[in-house]
Amino acid sequence: MWLFSRDPVRDFPFELGPPDADPDADPLPDPAAPAPLWRLLRGRRKADGAPVSVFAHSLGPGGDPGATALARAGLKRLRSLRHPNILGYLDSLETEQCLYLVTEAVTPLRRHLRLHPPSGDQGEQEVAWGLQRLLTALAFLGVSGLVHHALGLDAVFVDPGGEWKLGGLERVAATSEGTPTRPPGDPSRPQDPPELSDPSRGQGEPWAGDMWRLGCLIWEVFNGPLPRPGALRSFGKMPPGLIPPFSELVAADPGARPGPGPLLERLQRPGAFLACALVRTGLFLEHFQVRDPSERRTFLQELPPLLESLPGPFRRHKLLPRLLEALELGSADASALPPLLQVAKVLDPPEYQERIVPVLVRLFSSPERGLRLRLLQLLEEFVEFLPDATVDSQIFPHVAHGFLDSNPAIREQTVKSMVLLAPKLGEGRRGGELPRLLLRVQGGDALGPLRCNATLCLGRLAPHLPPQTRRRVLAPALARATRDPFPPARAAAVAAFAATHECYTPQEVAGRVLPPLCALTVDPHPGVRQQAFRAIRSFLEQLEAAAEAGGTQEGDTPSAAAAPGGPGGLGAAVSWAVTGVTSLTARLMGGEGGTAPPQPPPTTQGPPQTPAPTKEPPAEENPPEEAPLEDTDGWDDDWGSLEDMELPRSPPASSPEEVGTPPQPPDPTPTEPPPSAPPPAGGGDEGEGGWGVGGEWGTEDAWEALPSQHVSPSGPPPGRRQREQQRRRELEAKRRAGPRGPPKLGARKLD
């Protein structure tokens, strides 16, 4: 019949591992201490691999029947007592050789103190939290009419979160049974209450013995093993806040010792030892679901500054699960995200993706606007942990709804988030849906700062766009932004053109980039003009370098785009136009004209000008800010060098065949100043008119990265400069000698 026998251990739902050895344990145990009743083994749940603790008691021949009876009594008591602060029972198994008791994963308190002795304020908070848990368990036993009778370091265990659990329930008895006597062969220990050996002192309350042992436990936590009862008169390293209650616990009179319930209530009063940040946080988390929403919100808002003072195990194993549960159940709002992400930083990437990412993906689909807005604001803290496939298929479809949201704050954060999400999107979305959504905001949003941010986002995303999409979308979109009535949007378009200079072929530079930039050289805002001149100089140098290298055939692809945020990338050239919709225009327009040095306003180099018929401005243009110019003076024949532009003090009389800005009143003594010295590459006055590169829009480094490698850093060669100056003098002479009346029909201009 042995063929039909089954091994009960094999069918047990838990794997029994090796003994949980303590490498720092004393190799010579105390001979006065009784033999351990249980051996602690490491185990795992077969279903999910979760760690557990297995207590094993030998039942072989030659064992102590009394010890076996105690082990069975402790197993029975632990199975019947269920409390958060009592060691959690999972399962048990009895074979012919051994009795197994499976509980939650714990470490004996004696070993925990040896590995992590309490020190400093954080160590005191850990002990305070443990004593609060222990007093709560003792109060529960007292309310249930039970007494522990064996409280000590070996009867207390610590879970991975640092929470103390009461175990060792082998001698738990009802209060009606009285105080048990010491077994005949059981030696006395220093932790035994004095009335146990001297009945004349009286018995006091049933829990008086447990309170004495609690006082001995507190002394041993801070000072090590108790050598003799007389050592309790010396407080040692005990914190001052614990000395008064400790003195009451070890009182010689059993009737003077406080009960667990009143002692717990007194120690939790403001200013007492248990009224610390860790205890308050732990107690609030226990009743988080039943708290008032306003209390939960206040607690979560005050939590981030306290996280550094809380122990790491508590944050990882207690606080993090509670926050995840609150977000999943909807009992916490967006204020739970900052502490959640701050605590989750300690997790390994695989654990982060297993525990945090699924919750974040579900939160992106939440209909609550405040939660989605907070997710976008904190995206930079967790985007690196999001898998590319998850972003493309599960997160981006929900985030894309923010482009059409009626709340401008959500539209703003949605545009900014594309810089972080675009590298993780598939080529299909990067080449189709993403540019289409950005162009919709750039061309149709009612708020100028949001259109400005959409332009900046297009510039930053240029390296991530597919080549065909970049060639089709980038230059026309930035050219449209140069006609935006909002001045920062025009400045952003110039900066985006400059930062993406490596994305254009020479043909695109000449035909699609320079024309809109040249139109901005007469922009009413000096900062926009300054950036336009810088960009034009850089692009001209790029064209000259290409011409010196032999030119490129039409259709050649441009060089690799600059990496975002690197040299020449838009991350170094500009910053976001706004950080909050509540102060969009005030922040952008506040510095206008405030940083420009005192100097005469520059005038456009050219002959006398008179009004002439012009094209109708586009619908999105603001005529008082921008007037599109009709090029009727042959400027296409000579672009010139903007570094050597001559700025006359007063323009000559206007001519009826040319157009431009309204003439300025002439000075009393008009003179022609000598040519100005060329500014250094990438230089110029910063912050002119409040829109300079050195202000809100970026740094000088963005412009220094633009000149071609083939151009000398000291400027153009002297021969070329002289030819340009001679050419300007000839043009000026032709204009002054030209006819003053209207041109005849079919007449050809000389210049």
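These numbers come from a predicted model, not from an experiment. (Residues numbered from 1 in each chain as written. Predicted model: local features only at pLDDT ≥ 70, side-chain atom pairs only at ≥ 80, totals over all residues. Heavy atoms only, no water.)

Help me understand the overall build of the protein, please; the structure alone is not making it clear to me.
Check the secondary structure of the protein and you find 26 helices and 10 strands. Within the protein, the proportion of its 751 residues that are buried is 46%. Sequence separation of at least 24 residues holds for 70% of the intrachain contacts in the protein that already meet a minimum separation of 6. Carbon and sulfur atoms form 55% of the exposed surface of the protein, whose accessible area is close to 36900 Å². (Helix = DSSP H or I, 4+ residues; strand = E, 2+ residues; numbered from the N terminus. Buried < 20%, exposed > 50% of the residue type's maximum accessible area, 1.4 Å probe, protein only. Contact = heavy atoms within 4.5 Å. Areas by Shrake-Rupley, 256 points an atom, 1.4 Å probe, with all protein chains shown as cover.)

I'm lost on the sheet that holds strand S9 (residues 164–166) in this one. Help?
Hydrogen bonds along the backbone pair up the strands of a sheet, which may run parallel or antiparallel. In spatial order, the strands read S6-S8-S9; together these three strands make up an open sheet with antiparallel pairing. The sheet terminates laterally at strand S6 (107–108) and S9, the two strands that pair on one side only. Bridge count between S6 and strand S8 (residues 156–158): two bridges; the pairing is antiparallel. Paired with Pro-108 across the strands is Phe-157, a residue of S8. (Pairing = 2+ DSSP bridges.)

Could you clarify how one ought to interpret the pattern of salt bridges in this entry?
Pairing is possible between side chains of opposite charge, provided their charged atoms come close. The tally for this structure, following the rule as stated, stands at 28 salt bridges. Across the salt bridge formed by Glu-328 and Arg-362, the nearest N and O atoms sit 2.3 Å from each other. Here the residue Glu-328 occupies a position in helix H9 (residues 312–329), and Arg-362 occupies one in helix H12 (residues 357–364), the gap between them amounting to 34 residues. In this structure, a network of salt bridges that share partners links the residues Glu-104, Arg-133, Asp-159, Glu-163, Lys-165, Glu-286 and Lys-318. (Salt bridge = Lys/Arg side-chain N within 4 Å of Asp/Glu carboxyl O.)

Can you help me understand the packing of helix H15 (residues 388–399) against helix H17 (residues 427–444) in this one?
For any two helices packed against each other, one specifies the crossing angle of their axes together with the interaxial distance. Relative orientation of the contacting elements H15 and H17 amounts to 10 degrees, with a least axis distance of 13 Å. Judged by the inter-axis angle, H15 sits roughly parallel to H17. Here Asp-392, Phe-396 and Pro-397 of H15 lie close against H17, whose contacting residues are Arg-429, Glu-433, Leu-434 and Leu-437. Split by residue class, the contact of H15 with H17 holds four nonpolar, no polar and three charged. (Axes fitted to C-alpha atoms, helices over the stretch in contact; angles between N-to-C directions. Parallel < 35°, antiparallel > 145°, perpendicular 65-115°, else oblique. Nonpolar A, V, L, I, M, F, W, Y, C, P; charged D, E, K, R; others polar.)

Just to check I follow, could you spell out the side chain of Gln-442 for this structure?
With respect to the helices, strands and loops of the structure, Gln-442 is situated in helix H17. Since its relative accessible area comes to 4%, Gln-442 is described here as buried. Here Thr-455 takes part through its side chain, which lies 3.2 Å from a polar atom of the side chain of Gln-442. With near-sequence residues (within four places) excluded, Gln-442 lies in contact with Arg-451, Ala-454, Thr-455, Leu-458, Ala-477, Leu-478, Arg-480 and Ala-481. (Polar contact = N/O pair within 3.5 Å; in protein donor to acceptor, adjacent residues only side chain to side chain.)

Where do I start with the packing of aromatic side chains in this structure?
Ring pairs (aromatic) are described by centroid distance and by the angle formed between their planes. Across all of its chains, the model carries 11 aromatic pairs by this definition. For the ring pair Phe-235 and Phe-246, a centre distance of 6.1 Å and an interplane angle of 80 degrees mean the geometry is edge-to-face. Taken together, the positions of Phe-235 in the loop between helix H4 (208–223) and helix H5 (243–249) and Phe-246 in helix H5 put the pair 11 residues apart, joining distant regions of the chain. Given the relative accessible area of 30%, Phe-235 is considered partly exposed. (Phe/Tyr/Trp six-rings, centres within 6.5 Å; stacked < 30°, edge-to-face > 60°.)

Mind showing me how you'd approach the nonpolar core here?
Nonpolar side chains in soluble globular proteins tend to end up buried together. The biggest cluster of nonpolar side chains holds 121 residues, and the ones touching the most others in it are Leu-131, Trp-164, Leu-214, Tyr-352, Phe-382 and Met-418. Beyond its immediate sequence surroundings of up to four residues, Trp-164 is in contact with Asn-85, Leu-109, Val-127, Gly-130, Leu-131, Arg-133, Leu-134, Val-156, Phe-157, Val-158, Leu-217 and Val-221. By size, the runner-up hydrophobic cluster in this structure holds 22 residues, among which are Val-494, Phe-497, Leu-517 and Ala-535. (Core = buried A, V, L, I, M, F, W, Y, C linked by side-chain atoms within 4.5 Å.)

Explain the confidence of the model for the protein here, please?
Summary statistics for the protein give a mean pLDDT of 77 and a share of 72% for residues scoring 70 or more. Counting interchain partners and residues more than four positions distant, the pLDDT-below-50 stretch residues 743–751 has 11 contacts. (pLDDT = per-residue confidence, 0-100.)

Help me understand helix H10 (residues 337–344), please; the structure alone is not making it clear to me.
Because each turn of an α-helix spans 3.6 residues, side chains separated by three or four positions in sequence point in the same direction. Among the eight residues in H10, seven count as buried, and that is most of the element. Among the residues of H10, Leu-337, Pro-338, Pro-339, Leu-340, Leu-341, Val-343 and Ala-344 are the ones counted as buried. Where H10 is buried, its residues contact helix H8 (293–302), H9, helix H11 (349–355), H12, helix H13 (369–377) and helix H14 (379–382).

Would you take a moment to explain the packing of H12 against H13 for this structure?
Packing of H12 against H13 brings their axes to within 9 Å, and their N-to-C directions diverge by 125 degrees. On the basis of their axis angle, the class for H12 and H13 is oblique. Only Leu-371, Arg-372, Leu-375 and Leu-376 of H13 make contact with H12, whose side of the interface consists of Leu-360, Leu-363 and Phe-364. When the residues that make up the contact of H12 with H13 are grouped by side-chain class, the tally is six nonpolar, no polar and one charged.

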